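If you want the building blocks of each chain, they are given just below.
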Amino acid sequence: MDMMNCAAAAQAAQLSTDELNRLVQVARRAADRGAAELMSHYGRLSSIENKGRQGDLVTNADLAAERIVLDVLAEETPTIAVLAEESGAEGSQDGLRWCIDPLDGTTNFAHGYPFFATSIGLTYQQIPVLGAIAVPFLRETYWGAPGVGAHCNDQPIHVTDCTRLEDALLVTGFAYDRHQRLDNNYAEFCWFTHRTRGVRRGGAAAVDLAFVAAGRQDGYWERGLSPWDLAAGVAIVELAGGMISGYDGQPFSLNDGRVVAAGPRLHPAITEVLDLVKPLSGKDFGAPEVTAMGS
Ligand code: IPD
Ligand code: CA
Ligand code: CA
(Lines give C-alpha, C1' and ligand atoms only; values in the text may rest on other atoms or scores of the structure.)
(Ligands and ions follow the chains in the order given, each with its own letter.)
Protein backbone atom coordinates (compact mmCIF):
# COMPACT_ATOMS: atom_id res chain seq x y z
CA MET A 1 0.00 0.00 0.00
CA ASP A 2 1.34 3.41 -0.98
CA MET A 3 1.03 5.30 2.31
CA MET A 4 1.46 9.01 2.86
CA ASN A 5 4.36 9.90 5.04
CA CYS A 6 4.91 12.98 7.17
CA ALA A 7 8.66 12.33 7.43
CA ALA A 8 9.02 12.31 3.62
CA ALA A 9 7.00 15.53 3.39
CA ALA A 10 9.22 17.17 6.03
CA GLN A 11 12.27 16.13 4.03
CA ALA A 12 10.78 17.45 0.78
CA ALA A 13 10.11 20.75 2.56
CA GLN A 14 13.76 20.75 3.73
CA LEU A 15 12.83 21.11 7.38
CA SER A 16 15.58 20.18 9.85
CA THR A 17 14.72 18.43 13.13
CA ASP A 18 15.42 21.71 14.96
CA GLU A 19 12.98 23.56 12.70
CA LEU A 20 10.37 20.79 13.03
CA ASN A 21 10.72 21.01 16.79
CA ARG A 22 10.31 24.78 16.70
CA LEU A 23 7.25 24.56 14.45
CA VAL A 24 5.52 21.91 16.54
CA GLN A 25 6.07 24.02 19.68
CA VAL A 26 4.47 26.95 17.81
CA ALA A 27 1.51 24.73 16.89
CA ARG A 28 1.26 23.60 20.49
CA ARG A 29 1.28 27.14 21.86
CA ALA A 30 -1.30 28.30 19.31
CA ALA A 31 -3.57 25.31 20.04
CA ASP A 32 -3.30 25.88 23.80
CA ARG A 33 -4.13 29.58 23.39
CA GLY A 34 -7.12 28.77 21.16
CA ALA A 35 -8.38 26.14 23.62
CA ALA A 36 -8.04 28.54 26.57
CA GLU A 37 -10.17 31.03 24.64
CA LEU A 38 -12.80 28.32 24.04
CA MET A 39 -12.97 27.62 27.77
CA SER A 40 -13.64 31.27 28.49
CA HIS A 41 -16.85 30.98 26.38
CA TYR A 42 -17.88 27.50 27.52
CA GLY A 43 -21.40 27.51 28.96
CA ARG A 44 -21.95 31.19 28.18
CA LEU A 45 -22.17 31.51 24.41
CA SER A 46 -23.50 34.80 23.09
CA SER A 47 -24.14 33.70 19.50
CA ILE A 48 -24.88 30.42 17.67
CA GLU A 49 -25.54 30.57 13.93
CA ASN A 50 -26.15 27.99 11.24
CA LYS A 51 -23.55 28.05 8.44
CA GLY A 52 -25.93 26.66 5.80
CA ARG A 53 -26.08 22.88 6.05
CA GLN A 54 -28.41 21.51 8.72
CA GLY A 55 -26.52 21.29 12.03
CA ASP A 56 -23.36 23.05 10.79
CA LEU A 57 -22.96 25.72 13.45
CA VAL A 58 -20.60 28.59 14.15
CA THR A 59 -20.44 30.36 17.50
CA ASN A 60 -18.68 33.46 18.78
CA ALA A 61 -16.21 31.04 20.45
CA ASP A 62 -15.14 29.55 17.06
CA LEU A 63 -14.46 33.06 15.76
CA ALA A 64 -12.64 34.32 18.85
CA ALA A 65 -10.41 31.24 19.10
CA GLU A 66 -9.56 31.44 15.39
CA ARG A 67 -8.54 35.09 15.75
CA ILE A 68 -6.16 34.24 18.59
CA VAL A 69 -4.64 31.25 16.77
CA LEU A 70 -4.11 33.34 13.62
CA ASP A 71 -2.42 36.08 15.66
CA VAL A 72 0.02 33.61 17.29
CA LEU A 73 0.87 32.02 13.94
CA ALA A 74 1.26 35.38 12.15
CA GLU A 75 3.66 36.54 14.81
CA GLU A 76 5.76 33.36 15.00
CA THR A 77 5.65 32.10 11.41
CA PRO A 78 4.73 35.10 9.21
CA THR A 79 5.81 33.41 5.96
CA ILE A 80 3.67 30.27 6.34
CA ALA A 81 0.29 30.23 4.52
CA VAL A 82 -2.94 29.41 6.34
CA LEU A 83 -6.23 27.66 5.77
CA ALA A 84 -8.58 28.45 8.63
CA GLU A 85 -12.08 27.00 8.85
CA GLU A 86 -13.93 30.24 9.53
CA SER A 87 -11.86 32.81 7.60
CA GLY A 88 -10.54 30.75 4.69
CA ALA A 89 -7.25 30.55 2.81
CA GLU A 90 -4.38 33.01 2.73
CA GLY A 91 -1.13 32.49 0.84
CA SER A 92 0.00 29.64 -1.40
CA GLN A 93 -1.80 26.47 -0.34
CA ASP A 94 0.75 24.07 -1.83
CA GLY A 95 3.83 25.00 0.17
CA LEU A 96 4.01 25.01 3.96
CA ARG A 97 0.53 25.80 5.27
CA TRP A 98 -1.20 25.79 8.64
CA CYS A 99 -4.63 24.07 8.67
CA ILE A 100 -6.65 25.46 11.57
CA ASP A 101 -9.82 24.21 13.19
CA PRO A 102 -10.33 26.67 16.05
CA LEU A 103 -13.18 24.61 17.53
CA ASP A 104 -13.51 21.01 16.44
CA GLY A 105 -16.71 19.70 17.99
CA THR A 106 -18.84 22.84 17.69
CA THR A 107 -22.09 20.91 18.15
CA ASN A 108 -20.76 19.40 21.39
CA PHE A 109 -19.56 22.81 22.56
CA ALA A 110 -22.89 24.50 21.79
CA HIS A 111 -24.67 21.87 23.90
CA GLY A 112 -22.22 22.09 26.81
CA TYR A 113 -20.87 18.60 26.03
CA PRO A 114 -17.20 18.84 26.98
CA PHE A 115 -15.63 16.96 24.05
CA PHE A 116 -14.00 19.51 21.73
CA ALA A 117 -10.56 20.78 20.73
CA THR A 118 -8.46 23.33 18.90
CA SER A 119 -6.54 21.60 16.11
CA ILE A 120 -3.57 22.98 14.17
CA GLY A 121 -1.75 20.98 11.52
CA LEU A 122 1.09 21.89 9.18
CA THR A 123 0.94 20.53 5.63
CA TYR A 124 3.41 20.56 2.76
CA GLN A 125 2.07 19.95 -0.75
CA GLN A 126 -1.21 18.88 0.91
CA ILE A 127 0.52 16.23 3.06
CA PRO A 128 0.24 16.51 6.85
CA VAL A 129 3.68 17.03 8.41
CA LEU A 130 3.07 17.84 12.10
CA GLY A 131 0.42 19.16 14.42
CA ALA A 132 -1.08 19.87 17.83
CA ILE A 133 -4.57 19.20 19.22
CA ALA A 134 -5.52 20.81 22.53
CA VAL A 135 -8.44 19.20 24.41
CA PRO A 136 -9.00 21.69 27.21
CA PHE A 137 -11.53 19.77 29.28
CA LEU A 138 -9.06 16.90 29.63
CA ARG A 139 -6.12 19.27 30.10
CA GLU A 140 -4.42 17.35 27.30
CA THR A 141 -2.50 18.55 24.27
CA TYR A 142 -1.54 15.97 21.69
CA TRP A 143 1.35 16.94 19.46
CA GLY A 144 3.95 15.42 17.19
CA ALA A 145 6.50 16.01 14.46
CA PRO A 146 8.92 13.85 12.46
CA GLY A 147 12.10 13.28 14.47
CA VAL A 148 10.35 14.52 17.61
CA GLY A 149 7.73 11.78 18.03
CA ALA A 150 4.09 11.81 19.17
CA HIS A 151 3.10 12.95 22.66
CA CYS A 152 0.20 13.70 24.96
CA ASN A 153 1.40 16.55 27.18
CA ASP A 154 4.89 15.27 28.01
CA GLN A 155 4.27 11.55 27.61
CA PRO A 156 5.07 9.62 24.41
CA ILE A 157 2.02 7.94 22.86
CA HIS A 158 1.52 4.90 20.64
CA VAL A 159 -1.33 3.25 18.75
CA THR A 160 -2.55 -0.16 19.95
CA ASP A 161 -1.41 -3.51 18.57
CA CYS A 162 -5.01 -4.79 18.36
CA THR A 163 -5.37 -7.26 15.48
CA ARG A 164 -9.01 -8.36 15.39
CA LEU A 165 -12.18 -6.33 14.94
CA GLU A 166 -13.80 -8.56 17.57
CA ASP A 167 -11.36 -7.09 20.16
CA ALA A 168 -11.49 -3.50 18.90
CA LEU A 169 -13.07 -0.27 20.07
CA LEU A 170 -13.60 1.97 17.04
CA VAL A 171 -14.79 5.51 16.54
CA THR A 172 -16.47 7.29 13.64
CA GLY A 173 -18.58 10.35 12.83
CA PHE A 174 -21.33 11.55 10.52
CA ALA A 175 -20.80 14.57 8.29
CA TYR A 176 -23.26 17.46 8.12
CA ASP A 177 -24.26 16.42 4.57
CA ARG A 178 -25.71 13.14 5.90
CA HIS A 179 -29.23 14.58 5.55
CA GLN A 180 -28.71 15.08 1.82
CA ARG A 181 -26.68 12.00 0.89
CA LEU A 182 -27.33 8.29 0.88
CA ASP A 183 -23.57 7.77 1.27
CA ASN A 184 -23.91 8.82 4.90
CA ASN A 185 -21.95 6.21 6.90
CA TYR A 186 -25.08 4.62 8.38
CA ALA A 187 -24.45 1.21 6.75
CA GLU A 188 -20.80 1.20 7.78
CA PHE A 189 -21.77 2.10 11.35
CA CYS A 190 -24.15 -0.91 11.54
CA TRP A 191 -21.53 -3.33 10.23
CA PHE A 192 -18.75 -2.20 12.54
CA THR A 193 -21.09 -2.07 15.53
CA HIS A 194 -21.96 -5.70 14.83
CA ARG A 195 -18.36 -6.84 14.37
CA THR A 196 -16.49 -4.98 17.17
CA ARG A 197 -16.62 -4.40 20.91
CA GLY A 198 -18.15 -1.05 20.15
CA VAL A 199 -18.19 2.04 17.98
CA ARG A 200 -18.08 5.48 19.57
CA ARG A 201 -19.20 8.76 17.97
CA GLY A 202 -17.17 11.44 19.72
CA GLY A 203 -18.29 14.43 17.64
CA ALA A 204 -14.80 15.91 17.20
CA ALA A 205 -12.71 14.35 14.44
CA ALA A 206 -9.41 15.76 15.73
CA VAL A 207 -10.00 14.22 19.16
CA ASP A 208 -11.02 10.92 17.57
CA LEU A 209 -7.66 10.85 15.76
CA ALA A 210 -5.75 11.90 18.89
CA PHE A 211 -7.37 9.07 20.86
CA VAL A 212 -6.35 6.55 18.18
CA ALA A 213 -2.78 7.89 18.39
CA ALA A 214 -2.83 7.48 22.18
CA GLY A 215 -4.23 3.93 22.02
CA ARG A 216 -7.55 4.83 23.67
CA GLN A 217 -9.38 3.68 20.56
CA ASP A 218 -8.07 1.06 18.15
CA GLY A 219 -9.26 2.62 14.90
CA TYR A 220 -11.26 5.35 13.21
CA TRP A 221 -12.97 5.84 9.89
CA GLU A 222 -15.03 8.73 8.59
CA ARG A 223 -16.05 10.50 5.36
CA GLY A 224 -16.95 14.10 4.54
CA LEU A 225 -14.07 15.67 6.47
CA SER A 226 -12.14 18.86 5.67
CA PRO A 227 -8.37 19.48 5.72
CA TRP A 228 -8.63 21.37 9.06
CA ASP A 229 -10.36 18.34 10.66
CA LEU A 230 -7.60 16.00 9.51
CA ALA A 231 -4.19 17.67 9.16
CA ALA A 232 -2.95 17.58 12.75
CA GLY A 233 -4.55 14.27 13.74
CA VAL A 234 -3.34 12.39 10.68
CA ALA A 235 0.27 13.46 11.32
CA ILE A 236 0.04 12.56 15.02
CA VAL A 237 -1.45 9.10 14.34
CA GLU A 238 1.27 8.37 11.84
CA LEU A 239 3.97 9.53 14.27
CA ALA A 240 2.42 7.32 16.97
CA GLY A 241 3.03 4.27 14.75
CA GLY A 242 -0.40 4.19 13.12
CA MET A 243 -1.45 3.56 9.56
CA ILE A 244 -3.42 6.14 7.57
CA SER A 245 -5.26 5.56 4.30
CA GLY A 246 -8.38 6.42 2.35
CA TYR A 247 -11.24 3.93 2.09
CA ASP A 248 -10.52 0.59 0.31
CA GLY A 249 -6.89 1.07 1.43
CA GLN A 250 -6.44 3.81 -1.19
CA PRO A 251 -3.63 6.25 -0.36
CA PHE A 252 -4.78 9.02 1.98
CA SER A 253 -5.65 12.32 0.33
CA LEU A 254 -6.24 15.38 2.50
CA ASN A 255 -8.85 16.75 0.09
CA ASP A 256 -10.81 13.53 -0.41
CA GLY A 257 -12.45 13.76 3.01
CA ARG A 258 -12.20 10.02 3.73
CA VAL A 259 -9.83 8.54 6.25
CA VAL A 260 -9.03 5.24 7.94
CA ALA A 261 -6.64 5.52 10.89
CA ALA A 262 -5.61 2.57 13.05
CA GLY A 263 -2.80 0.52 14.45
CA PRO A 264 -1.03 -1.24 11.57
CA ARG A 265 -2.27 -4.70 12.59
CA LEU A 266 -5.95 -3.72 12.62
CA HIS A 267 -5.99 -1.31 9.69
CA PRO A 268 -6.45 -3.95 6.92
CA ALA A 269 -9.51 -5.43 8.69
CA ILE A 270 -11.18 -1.98 8.68
CA THR A 271 -10.58 -1.29 4.99
CA GLU A 272 -11.79 -4.82 4.20
CA VAL A 273 -15.16 -4.15 5.86
CA LEU A 274 -15.47 -0.73 4.19
CA ASP A 275 -14.90 -2.45 0.85
CA LEU A 276 -17.55 -5.04 1.66
CA VAL A 277 -20.13 -2.48 2.77
CA LYS A 278 -19.52 -0.10 -0.13
CA PRO A 279 -22.18 -1.55 -2.46
CA LEU A 280 -24.72 -1.51 0.38
CA SER A 281 -23.99 2.02 1.49
CA GLY A 282 -27.25 3.91 1.90
CA LYS A 283 -29.30 1.12 0.31
CA ASP A 284 -29.96 -1.82 2.57
CA PHE A 285 -29.94 -0.35 6.03
CA GLY A 286 -33.15 1.65 5.89
CA ALA A 287 -31.53 5.00 5.07
CA PRO A 288 -34.53 7.09 4.06
CA GLU A 289 -34.73 8.54 0.58
CA VAL A 290 -33.36 12.08 0.38
CA THR A 291 -36.79 13.49 -0.54
CA ALA A 292 -38.40 11.75 2.46
CA MET A 293 -36.12 13.77 4.73
CA GLY A 294 -37.65 17.06 3.70
CA SER A 295 -34.40 18.46 2.40
C1 IPD B 1 -17.02 18.30 12.81
C2 IPD B 1 -16.56 17.28 13.83
C3 IPD B 1 -17.37 16.00 13.72
C4 IPD B 1 -17.34 15.43 12.31
C5 IPD B 1 -17.80 16.49 11.31
C6 IPD B 1 -16.90 17.73 11.43
P7 IPD B 1 -16.78 20.90 13.54
O8 IPD B 1 -16.23 19.48 12.90
O9 IPD B 1 -15.20 16.98 13.67
O10 IPD B 1 -16.87 14.99 14.57
O11 IPD B 1 -18.19 14.30 12.24
O12 IPD B 1 -17.72 15.97 10.00
O13 IPD B 1 -17.28 18.68 10.48
O14 IPD B 1 -17.84 21.39 12.62
O15 IPD B 1 -17.27 20.61 14.90
O16 IPD B 1 -15.54 21.73 13.50
CA1 CA C 1 -13.96 20.25 12.57
CA1 CA D 1 -14.72 23.80 13.62
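Here the structure is shown first, and the text comes after it.
None of the values given here were measured: they were computed from a predicted structure.

What counts and how
Residues numbered from 1 in each chain as written. Chains lettered and ligands numbered in written order. Predicted model: local features only at pLDDT ≥ 70, side-chain atom pairs only at ≥ 80, totals over all residues. Heavy atoms only, no water. Helix = DSSP H or I, 4+ residues; strand = E, 2+ residues; numbered from the N terminus. Rg over C-alpha atoms; globule rule 2.2 N^0.38 Å. Buried < 20%, exposed > 50% of the residue type's maximum accessible area, 1.4 Å probe, protein only. Donors = N, O, S within 2.8 Å, 3.2 Å for Na, K, Ca; no water. Polar contact = N/O pair within 3.5 Å; in protein donor to acceptor, adjacent residues only side chain to side chain. Contact = heavy atoms within 4.5 Å. Pairing = 2+ DSSP bridges. Axes fitted to C-alpha atoms, helices over the stretch in contact; angles between N-to-C directions. Disulfide = S-S within 2.5 Å. Near = heavy atom within 4 Å. Nonpolar A, V, L, I, M, F, W, Y, C, P; charged D, E, K, R; others polar. Domains from an automatic or database assignment.

Undergrad: Would you mind going over the overall build of the protein chain in detail, with residue names and values included?
TA: When you go through the protein chain residue by residue, the secondary structure sums to eight helices and 15 strands. Radius of gyration (C-alpha) of the protein chain: 18 Å, near the 19 Å computed for a compact globule of 295 residues. Each of the three principal axes of the protein chain carries a C-alpha extent, and together these read 50 × 45 × 35 Å. Of all 295 residues assigned to the protein chain, the portion counted as buried reaches 55%.

Undergrad: Go over the coordination of the calcium ion (ligand 3) with me, naming the residues and quoting the values.
TA: Protein coordination of the calcium ion (ligand 3) is provided by Glu85 (OE), Asp101 (OD) and Leu103 (O), with donor distances spanning 2.2 to 2.4 Å. Sequence positions of the residues that donate to the calcium ion (ligand 3) give the spacing E-x15-D-x1-L. A separation of 3.8 Å is found between the calcium ion (ligand 3) and the calcium ion (ligand 2), both of which receive a donor from aspartate 101. Separated by 18 residues along the polypeptide, glutamate 85 in the loop between β3 (81-84) and β4 (88-90) and leucine 103 in strand β5 (residues 96-104) bring together distant segments of the chain.

Undergrad: So what's going on with the coordination of the calcium ion (ligand 2)? Which residues, and what values?
TA: Every protein donor of the calcium ion (ligand 2) is listed here as Asp101 (OD), Asp104 (OD) and Asp229 (OD), and their distances to the metal cover 2.1 to 2.3 Å. Residue aspartate 229 is classed as buried on the basis of its relative accessible area, which comes to 11%.

Undergrad: Please provide a residue-by-residue account of the side chain of asparagine 108, values included.
TA: With respect to the helices, strands and loops of the structure, asparagine 108 is situated in helix α4 (residues 106-110). Reaching out from asparagine 108, the side chain makes a polar contact with the backbone oxygen of phenylalanine 115 at a distance of 2.8 Å. Discounting residues that sit within four places of it in the chain, asparagine 108 has contacts with Tyr113, Phe115, Gly202, Gly203 and Ala204.

Undergrad: Explain the pairing of strand β13 (residues 219-222) to me, using residue names and the numbers behind them.
TA: In β13, alternate side chains face the same way, and those of Gly219 and Trp221 on one face and Tyr220 and Glu222 on the other are all buried. Bridge count between strand β11 (residues 169-172) and β13: two bridges; the pairing is parallel. Across the sheet, residue valine 171 finds its bridge partner in β13, namely tyrosine 220. In this structure, β13 lies alongside strand β15 (residues 259-262), joined through four bridges in antiparallel fashion. By the bridge assignment for β15, glycine 219 is matched with alanine 262.

Undergrad: Lay out the sheet that holds strand β12 (residues 198-201) with the relevant residues and their values.
TA: Taken together, five strands build an open sheet; the order of strands is β12-β11-β13-β15-β14 and the sheet is mixed. Of all the strands in the sheet, just β12 and β14 (243-245) have a single pairing partner and so form its edges. Within this sheet the neighbouring strands show an average axis-to-axis angle of 20°, counted without direction. Here β14 pairs with β15 via three bridges, running antiparallel. In the sheet register, serine 245 faces β15, and the bridge partner there is valine 260.

Undergrad: Account for the state of the cysteines, naming residues and giving values.
TA: Applying the stated criterion across every chain, the model contains zero disulfides. Lacking any disulfide linkage, cysteine 152 is separated from the closest cysteine sulfur, that of cysteine 6, by 18 Å.

Undergrad: Summarise the pairing of strand β9 (residues 149-152); cite the residues concerned and give the values.
TA: Pairing analysis gives four bridges linking strand β8 (residues 140-145) to β9, with the strands arranged antiparallel. Paired with glycine 144 across the two strands is alanine 150, which belongs to β9. Between the antiparallel neighbours β8 and β9 lie three residues, among them glycine 147 with a positive phi of about 85°. Where β9 and strand β10 (residues 155-156) come together, two bridges link them in antiparallel fashion. In the sheet register, cysteine 152 faces β10, and the bridge partner there is glutamine 155. Linkage of β9 to β10, two consecutive antiparallel strands, is achieved through a turn of two residues, within which asparagine 153 is found at a positive phi near 50°.

Undergrad: Requested: an account of the site of ligand 1, with residues and values cited.
TA: The environment of ligand 1 is formed by 16 residues, the closest being Asp104, Gly105, Thr106, Tyr176 and Glu222. Taking aspartate 104, its side chain carries an N or O atom lying 2.7 Å from an oxygen atom of ligand 1. Contact distances for ligand 1 include 2.7 Å between an oxygen atom and a side-chain N or O atom of tyrosine 176. Counted by class, the shell around ligand 1 contains seven nonpolar, three polar and six charged residues. A domain-level breakdown of the shell around ligand 1 finds at least three residues from each of domain 1 (6-156) and domain 2 (165-284).

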